[in-house]
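# Structural overview
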Amino acid sequence: MLHNKQQRSRSGFRSFAVGLVLLLAVSVALAACGKKTDDTKAPASGEGKVIAEYKDGTVTDKEFDRYLGFFSLVNEQAEMYLAVPSMKEQFLREYIGYKVLYSRVDDKSKDASKEEVDKFVDQFKKTADSNAEMKAKMEKSGLTVDNAAWYYRMIVSVMDHSEQSVKEADMKAIYDKTPSDFNNITVRHILIGFKDPATGKDKLSKADALKKAQEVKQKLEAGGDWTALAKQYSDDEGSKDKGGVYENQEPRVWVEAFKKAANTQEIGKIGDPVETEYGYHVMKVEKRETRTWEQVPQATKDELRKSASTTKLNDFMANELPGLITKVDLPKEEATGTDQGTGTGTDAGTKTEGSDASKDAGTDSGAATDKKK
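First, a word on what this report is: a plain description of the structure on this page.

The rules we used
- Residues numbered from 1 in each chain as written.
- Predicted model: local features only at pLDDT ≥ 70, side-chain atom pairs only at ≥ 80, totals over all residues.
- Heavy atoms only, no water.
- Helix = DSSP H or I, 4+ residues; strand = E, 2+ residues; numbered from the N terminus.
- Buried < 20%, exposed > 50% of the residue type's maximum accessible area, 1.4 Å probe, protein only.
- Contact = heavy atoms within 4.5 Å.
- Areas by Shrake-Rupley, 256 points an atom, 1.4 Å probe, with all protein chains shown as cover.
- Polar contact = N/O pair within 3.5 Å; in protein donor to acceptor, adjacent residues only side chain to side chain.
- Pairing = 2+ DSSP bridges.
- Axes fitted to C-alpha atoms, helices over the stretch in contact; angles between N-to-C directions.
- Phe/Tyr/Trp six-rings, centres within 6.5 Å; stacked < 30°, edge-to-face > 60°.
- Core = buried A, V, L, I, M, F, W, Y, C linked by side-chain atoms within 4.5 Å.

## Regarding the overall build of the protein chain
Along its length, the protein chain carries 14 helices and nine strands. Taking all 373 residues of the protein chain together, the buried fraction comes to 50%. Of the contacts made within the protein chain by residues no fewer than 6 positions apart, 77% connect residues no fewer than 24 positions apart. Of the roughly 17,900 Å² that the protein chain leaves accessible, carbon and sulfur atoms contribute 47%.

Written as structure tokens, this is what we have:
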């Protein structure tokens with residue numbers, strides 16, 4: 001509930017991979033399997049009608065159908081969004097972007113993802129063999145297990161190659177912009193929400209929420225128990241059963257107003273209610289430690305590497321790719337629903353950035369570069 005809405009990236013590159021990550025997440029560590037596919041030639045390339053041209057390559061309708069068949073299998077909501085013509089074209093453009101970047105990936109990066117691809121292939125094949133609906137969809141699009149392996153290898157190789165290109169200076173530049181985002185903070189809070197967390201419906205007006213938050217603050221200052229009062233009043237499901245505590249957290253993940261209070265409020269004192277988009281927070285900062293770049297945990301630096309990598313991929317998609325695509329000629333289709341363009345939907349807990357047609361197709365880009373967790 002407290003996480004900043006701008007943190008969850010939904011870039012096209014990352015969102016493509018998330019559906020794959022969800023499928024990979026249920027795989028088990030089994031021995032490598034599956035024969036090696038040609039990693040220089042996309043499945044069905046050269047077959048059918050050319051629907052797009054770009055520098056050094058083309059995409060045919062049969063090739064794109066197989067890719068869409070693959071993506072639909074690993075993303076439950078994709079079919080609904082692909083019914084919107086503008087979104088289907090955006091998927092095509094992003095697919096071209098992947099192909100271009102894959103042609104730039106060296107063998108070292110491809111080899112680095114081999115074990116991960118083998119695990120994916122193993123699980124994909126097992127699922128296809130036991131799921132009649134999945135098998136029917138594969139037959140309809142012409143998709144094979146080897147095709148799926150190629151698409152997955154393309155995606156993870158591009159992402160791994162991009163991450164490896166990030167230098168420490170790139171990561172430190174993110175830290176240098178806002179060092180306080182990386183403080184180590186322990187904070188307690190009780191959220192008096194504007195909406196019911198269970199239904200999402202309006203619950204309290206701002207005035208009523210503020211009044212209730214002030215009453216809770218008074219109870220705490222009078223010696224009230226944080227554990228009991230958090231359980232009774234707080235609308236933050238993530239902390240209400242833990243005395244409202246978030247321990248040893250980095251404020252970079254929190255919404256702006258909460259982050260600012262956590263970084264500036266007097267330690268050990270219950271501050272005035274802090275308003276965020278979720279409601280009013282009664283807060284007490286219990287600990288706040290600054291960190292130099294050298295003290296930032298490696299796990300955080302790994303996240304920054306992913307973030308910097310995503311920025312580079314987004315820059316390529318927005319700035320370089322359009323100049324490489326010379327023709328897009330998808331068959332005209334009527335939208336079966338409202339053409340939402342690049343509209344997004346996100347939960348109340350995390351930050352969004354970037355844009356693309358695939359981002360709202362049920363994917364979460366924050367996870368895209370977390371595929372190895």
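## Topic: the environment of Arg 188
Relative to the helices and strands, Arg 188 is located in strand β4 (residues 184-193). Expressed as a C-alpha distance, the spacing of Arg 188 and Val 285, which sit 97 residues apart in the sequence, is 6.4 Å. With near-sequence residues (within four places) excluded, Arg 188 lies in contact with Trp 226, Lys 242, Gly 243, Gly 244, Val 245, Val 282, Met 283, Lys 284 and Glu 286. Of the polar contacts made by the side chain of Arg 188, one reaches the backbone oxygen of Gly 243; its length is 2.9 Å. At 2.6 Å, the side chain of Arg 188 and the side chain of Glu 286 are in polar contact.

## Digging into unusual backbone geometry
Positive phi, normally seen in glycine, also occurs at Asp 56, with a value near 75°. In this structure, Asp 56 sits in the loop between β2 (50-54) and β3 (57-60). Look at Asp 56 and you get exposed, because its relative accessible area is 76%. At Asn 248, a position not held by glycine, the phi torsion is positive, near 50°. Its location among the elements puts Asn 248 in strand β5 (residues 245-249). Taking relative accessible area as the criterion, Asn 248 reaches 38% and is therefore assigned partly exposed.

## Section: the sheet that holds strand β8 (residues 325-328)
Read from one edge of the open sheet, three strands run β3-β2-β8, paired in antiparallel fashion. If you trace the sheet from one side to the other, it starts and ends with β3 and β8, each paired once. On average, adjacent strands in this sheet sit at an angle of 15° to one another, irrespective of strand direction. Sheet analysis places β2 next to β3, joined by four bridges and oriented antiparallel. In the strand pairing of β3, Val 50 is matched with Thr 60. In the packing of helix α2 (residues 61-74) onto the sheet, contacts are made with β2 and β3, and the angle to β3 comes to roughly 70°. The strands that helix α4 (residues 85-103) touches are β2, β3 and β8; relative to β2, the one it contacts most, it runs at about 50°.

## Quick word on the packing of aromatic side chains
Under the definition given, this model contains 18 aromatic pairs. Between Phe 194 and Tyr 280, the ring centres sit 5.8 Å apart and the planes meet at 90°, which makes this aromatic pair edge-to-face. Placement of Phe 194 in the loop between β4 and α10 (206-221) and of Tyr 280 in strand β7 (residues 279-289) is noted, with a sequence separation of 86 residues between them. This pair shows no difference in class: Phe 194 is buried, exactly as Tyr 280 is.

## Describing the environment of Ala 42
For Ala 42, the location among the structural elements is in the loop between α1 (12-25) and β2. Once residues lying within four places of it in the same chain are set aside, the contact partners of Ala 42 are Glu 63, Tyr 95, Lys 99 and Trp 150.

## Points about the nonpolar core
Formed by 48 residues in total, the largest nonpolar core has its most connected members in Val 59, Phe 64, Tyr 67, Tyr 95, Ile 96 and Met 154. Elements with a contribution of two residues or more to this core: β2, α2, α3 (78-82), α4, α6 (114-130), α7 (132-141), α8 (145-164) and α13 (298-324). Beyond its immediate sequence surroundings of up to four residues, Phe 64 is in contact with Ile 51, Val 59, Lys 88, Phe 91, Leu 92, Tyr 95 and Leu 330.

## Some details on the sheet that holds β7
If you walk across this open sheet you meet the four strands as β5-β4-β7-β6, and the pairing is antiparallel. Strands at the two margins of the open sheet, each flanked by one partner only, are β5 and β6 (274-276). Averaged over neighbouring strand pairs, the angle between their axes works out to 35° when direction is ignored. Inspection of the sheet shows β4 paired to β5 by three bridges, in the antiparallel sense. Bridge pairing in β5 places Val 187 opposite Tyr 246. Here α10 sits on the sheet in contact with β4, β6 and β7, set at roughly 45° to β7. The sheet strands contacting helix α11 (residues 226-233) are β4 and β7, and the helix crosses β4 at an angle near 45°.

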